[in-house]
Structure formats: structure tokens, C-alpha cells
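# Structure assessment
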Amino acid sequence: MSAQEAAWYLLRQPMSEASRKVEFIATMWPQERIKSKKRNKQMDEEDLDDNSTDVWTLNIIQRYELRRGMDDICLADFAAYYSEERSTKHSYRLRLVPRVLRWCSYSMAEMVDYKREMVLLFLPFRNEVCDVLDRNKFLKLYEDNEAAILAKHKEYDCEMNLDQVVEEYIRSSSSSARSSWSRMMTIFTTCQQDPWQLSSNSDQMSCQSKNIVKWCVPRMQSSGI
């Protein structure tokens, strides 16, 4: 570390800057979340003594639960598009530039956590424990609102996970859709020529289509469709 960097660090200056604010939403189970203690200045402003138990700062989910109004705003929209009004507690205004969101991103191999996270992020609620976690309500909420949840998810997840998309499609597709995939697989696997090296006289596939089909076929075979 150089002397200039050490001096900058000791002066508590920011080590990096970005044009977008990033907000991490702790979508793990409540008992697994890390708590942050209030600063002494904040405790003095709130007139809290040393014996007070109200020493933990509110995380984004707790602030969302305490919001005024905004009944149709989900947690993801709240975290990305709203900032708290300084003059009025628990009141919020729209941001000019939305935040970039990060969350745990459970895979579909962890189906229970995946559904709980999707419901937590993309469906409105007032109390996480009562509205989402109690008696695993999130399982039914996900099944009843799957289309709306996935549509809202697309607004924030710009990196398409092809493995997860196909896995979701296979899980939720009808028997007729499965048959269509099976027929397509049969066409390519029974061709006498290499399906990726089509002749100039046959119908040409785009490079992207070839790559998609080439990616899908071995996964359909391994999935037993």
C-alpha cells in the first residue's frame, strides 16, 4: 500500500465511486441475517441510553414493512425506486435514478428457498412473518402468482440463466409442450447428416438458433423428455 493510499484510507475517504447506487436485499431466512448496530450519534438523536435494546438499524425489509401507503409496491420496486423523505418518517419519494439490486439468487435446486425469495421480492406484503413465512404461505402464493412473479423478475434479472429457464419450462410445461420438445429432439437426433452443418439447399437456421438448439438437445436427452 502506498503512502497516498494509506492516508486516503485513514481519512475514511471512499475507495471507489459508481454512477449507480447498489442495494443488497438479504433474502435469506430472518434468523440468518446480519444485524448492524446503530451509531452513537444516532442513538443520541433518538435519546437511547446504554441499557436500551433498540440498538439495531432497520434493514431494507423492515423499512419496507413500516412504509406508509404504497400497498401495491413490491419489495424490489421499493428498494430500487424509493428513498425515504428526511422530513417525514416512513414516507418515501421516487428516486430520479433507480438503484441496482442484488439478492441471494437461490437456484431452482433449492426450490423452497427459491419460491420464498421470489415471493419476498416480487409480491407486496406488510409483514414478512405473517404474510409470507407463516405456515409456508409463500409456497401457495408462488403457485397462485407465478406468471406475475416471473414477469416482474425479468425487469431486474438482465442475465438470463438458460439452465434455469429450461428447468422452469420443463417443470411447468403441459404434456403437449413436452411432446413438441420430444418431436424436435427426434428430428435432430435421427437426421442422417449433422444437424448443425445444414446444406446450402435446405432451410437455413440462424447462428443463434443453431446454438440454442445445440444447447437444448443434450439437456432434453438428459431430462428424459
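Heads up: the structure comes first, above all this text.
Attention here is on the structure that accompanies the text. Note that this is a predicted model, so its numbers are computed, not measured. (Residues numbered from 1 in each chain as written. Predicted model: local features only at pLDDT ≥ 70, side-chain atom pairs only at ≥ 80, totals over all residues. Heavy atoms only, no water.)

### A short note on the overall build of the protein
For the record, the criterion: The secondary structure listing takes helices from DSSP runs of H or I that are at least 4 residues long and strands from runs of E that are at least 2 residues long, numbered from the N terminus. Relative accessibility under 20% of the residue-type maximum defines a buried residue, over 50% an exposed one, and the middle range a partly exposed one, all with a 1.4 Å probe and only protein chains included. When checking whether two residues touch, look at their non-hydrogen atoms; a contact exists if any pair is within 4.5 Å. Note that accessible areas follow from Shrake-Rupley with a 1.4 Å probe, and for residues the cover is restricted to the protein chains shown.
When helices and strands are counted, the protein shows eleven helices and four strands. Looking at the protein as a whole, 31% of its 225 residues qualify as buried. Pairs at least 24 apart in sequence give 54% of the contacts found in the protein among residues at least 6 apart. Carbon and sulfur atoms provide 51% of the accessible area of the protein, an area that totals close to 15700 Å².

### Some remarks on the pattern of salt bridges
Working definition: two side chains of opposite charge can pair if their charged atoms are close together. Our working definition: A pair is scored as a salt bridge if a Lys or Arg side-chain nitrogen falls within 4 Å of a carboxyl oxygen belonging to Asp or Glu.
Evaluated as defined, the whole model comprises eleven salt bridges. Among the salt bridges present, the one from glutamate 46 reaches lysine 38, with a minimum N-O distance of 2.7 Å. On the basis of relative accessible area, lysine 38 is assigned to the buried category, the value being 8%. A salt bridge links lysine 140 to aspartate 144, with the nearest nitrogen and oxygen atoms 2.7 Å apart. In this pair, lysine 140 and aspartate 144 both sit in helix 7 (residues 137-144), four residues apart, roughly one turn of the helix. As far as the burial class goes, lysine 140 and aspartate 144 line up, both exposed. Among the ionic contacts, a cluster of salt bridges with common partners joins Lys38, Glu46 and Asp54.

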